[in-house]
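Letter by letter, the chains look like this.
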Amino acid sequence: MTLANTRRLNDCPVLFDCYDIYNCGVRKTGIYRIYPYIKVNNLTSVLVMCDMESSGGGWTVIQHRNRDNPLVNFNTTWDEYKRGFGDIKGNYWLGNNAIHKLTTTYNNSLYIRMESTGKKSYEMQYSSFSISDETDGYRLSLGEKSGNIADNFRLGHPVVNHTFSTFDHDRNRCAAKCGSGWWYYHCTLSKEIKALESKDQELKEGDIRIQQELSNMNNRISEKQFDTFKKEDINSLRNDTFTLNQLFDTLSKEKNTVESKLHRMEKEIKSSNIEARLNVIENTFWNFSHSLGKALDDIREDQNATNIQLLKVSPIFQSEPGNQEM
């Protein structure tokens, strides 16, 4: 409560509920002190959470239940529900005695807001709302409903005009089975809710497994692409080696042919005693033979380099039978 709000409230009469605080000019949602028993000359005060923003503001919060807040045990006794329990800043129940006084002294409406785990909001409102006193079992009365939530107080779980139940004050044993105090007609709906929650949890776990499997598949696909790239690289090297081998064989045959011709011409020249022509021809052909030899040496160096690369990468993969040209 801010200082400004405190001064404004000090100028107001005794505040019966959050609607009185709202009409006193306060617009900040927060914890305030109200006096629900003032009409019977009882100045006992109650701390409540006032919602000054939702649906026009001025709402006295009688229950707040959020799984993200510290846990409060709602499967508690009749006396606890009578007095109220929990953490006013988190999960709590205002108390059936206070709710009775708040809802029977003046006409009241009931506003319900729920939020799914997917952060989707649902709202509904009843034109009137009250519960009777303890001697009548805090019997529930509701007016007409509006909003985007099914009217389970009347349809799937018709509890209007039913009394309140707890596990130690349980007329149909639903409170013990469902694990919470409430107005029960039968236990079916709560069982269905628990079954849906269980199914929702299964779907969440299944979604996690699917995401993990997709991640594993993506990793396997990436590894496969890497393997394919490596295999293509090896095949390219093998093809280069095969081409070099063919070129080496061709040049070797040409060199042998030239050398054979040279020797044959030497014999012919020597037999004709033409020494000058022999020297010219001999120098010409030996120069040509030397050039061929150098070209073959260069090819051998390229071939050796290619074989070294193959040796480096081949142990990673098993050689394919159709590529054994070397």
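Refer to the structure presented above.
This section reports on the structure supplied with the text. These numbers come from a predicted model, not from an experiment.

Analysis parameters
Residues numbered from 1 in each chain as written. Predicted model: local features only at pLDDT ≥ 70, side-chain atom pairs only at ≥ 80, totals over all residues. Heavy atoms only, no water. Helix = DSSP H or I, 4+ residues; strand = E, 2+ residues; numbered from the N terminus. Buried < 20%, exposed > 50% of the residue type's maximum accessible area, 1.4 Å probe, protein only. Contact = heavy atoms within 4.5 Å. Areas by Shrake-Rupley, 256 points an atom, 1.4 Å probe, with all protein chains shown as cover. Pairing = 2+ DSSP bridges. Core = buried A, V, L, I, M, F, W, Y, C linked by side-chain atoms within 4.5 Å. Axes fitted to C-alpha atoms, helices over the stretch in contact; angles between N-to-C directions. Polar contact = N/O pair within 3.5 Å; in protein donor to acceptor, adjacent residues only side chain to side chain. Phe/Tyr/Trp six-rings, centres within 6.5 Å; stacked < 30°, edge-to-face > 60°. Lys NZ or Arg CZ within 6 Å of the ring centre and 35° of its normal. Salt bridge = Lys/Arg side-chain N within 4 Å of Asp/Glu carboxyl O.

Time to look at the overall build of the protein chain. Counting its secondary structure elements, the protein chain contains 7 helices and 13 strands. The buried share of the protein chain, reckoned over its 326 residues, is 33%. Considering only contacts within the protein chain whose residues lie at least 6 apart along the sequence, 48% involve residues at least 24 apart. When the accessible surface of the protein chain is totalled, it reaches about 20,700 Å², and 51% of it is carbon and sulfur.

A few words on the pairing of strand β7 (residues 110–115). Judged from the 6 bridges that link them, β7 and strand β8 (residues 121–126) form a sheet pairing that is antiparallel. What sits directly across from L110, in β8, is Y126. Remark: 5 residues form the turn of the hairpin made by β7 and β8, two consecutive strands paired antiparallel; K119 in that turn has positive phi of roughly 65°.

Turning our eyes to something else, we now look at the nonpolar core. If you look at the biggest cluster of nonpolar residues, it comprises 40 residues, and the most contacted ones within it are I21, L94, F129 and L140. Those residues in contact with L94 that lie beyond four places of it in its chain are V46, L47, V48, T60, V61, I62, R83, G84, I99 and L102.

This paragraph deals with the sheet that holds strand β11 (residues 145–147). Taking strand neighbours across the sheet as the criterion, the 3 strands line up as β7-β8-β11 in an open arrangement whose pairing is antiparallel. Looking at which strands have only one partner, the edges of the open sheet turn out to be β7 and β11. Geometrically, the sheet is characterised by an average inter-axis angle of 20° between neighbouring strands, direction not taken into account.

Here 3 strands make up an open sheet; going across it, the order is β4-β6-β5 and the pairing antiparallel. The open sheet terminates on both sides in strands that have one partner only, identified here as β4 (63–64) and β5 (85–86). Across 2 bridges, β4 lies against strand β6 (residues 92–93) in antiparallel orientation. Within the sheet, the bridge partner assigned to H64 lies in β6 and is Y92.

Let us look at unusual backbone geometry. Unusually for a residue other than glycine, S55 sits at a positive phi of about 45°. In this structure, S55 sits in the loop between β2 (46–51) and β3 (59–60). With a phi close to 75°, N161 is a non-glycine residue in the positive phi region. Position of N161 among the secondary structure elements: in the loop between β11 and β12 (164–165). On the accessibility criterion, N161 (47% relative accessible area) is partly exposed.

Along the chain, the position of D17 falls in the loop between α1 (3–10) and α2 (18–23). Only 3.0 Å separates the side chain of D17 from the backbone nitrogen of D20, close enough to count as a polar contact. Sequence-distant contacts of D17, that is, excluding residues within four places in its chain, are made with I34, T60, L102 and N108.

Assignment of secondary structure puts L110 in strand β7. Put simply, L110 and G143 are 33 residues apart on the chain and 8.9 Å apart in space, counted from C-alpha to C-alpha. Discounting residues that sit within four places of it in the chain, L110 has contacts with W59, I62, M124, Q125, Y126, F129 and L142.

Okay, the packing of aromatic side chains next. The full count for this structure, using the stated rule, is 13 aromatic pairs. Their ring planes at 50° and their centres at 6.3 Å tell us that W93 and W183 sit as a pair that is tilted. Separated by 90 residues along the polypeptide, W93 in strand β6 and W183 in strand β13 (residues 182–183) bring together distant segments of the chain. Judged by its relative accessible area of 2%, W93 is buried. For W183, a relative accessible area of 3% gives the class buried. In textbook terms, an aromatic cluster arises when at least three aromatic residues are bridged by ring pairs, as seen for F74, W78, Y81, F85, W93, Y138, F164, W182 and W183. The positively charged end of R27 is found above the aromatic ring belonging to Y22, 3.8 Å away from the centroid.

So, about the pattern of salt bridges. Under the defined criterion, the tally for this structure stands at 4 salt bridges. Between R83 and E80 there is a salt bridge, and its shortest N-O distance comes to 2.8 Å. Taken as a pair, R83 and E80 lie in helix α3 (residues 78–83) at a separation of 3 residues, close to a single helical turn. Residue class for R83 comes out exposed when judged on its relative accessible area of 56%. As a salt-bridge pair, K82 and E134 come within 3.0 Å of each other at their nearest N and O atoms. In this pair, K82 sits in helix α3 while E134 sits in the loop between β9 (129–131) and β10 (140–142), placing the two residues 52 residues apart along the sequence.

Mapped onto the fold, T76 is located in the loop between β4 and α3. The residues touching T76, leaving out its near neighbours within four places in the chain, are Y81, F85, T166 and F167.

So far we have only geometry, and geometry alone does not tell us how the molecule works.
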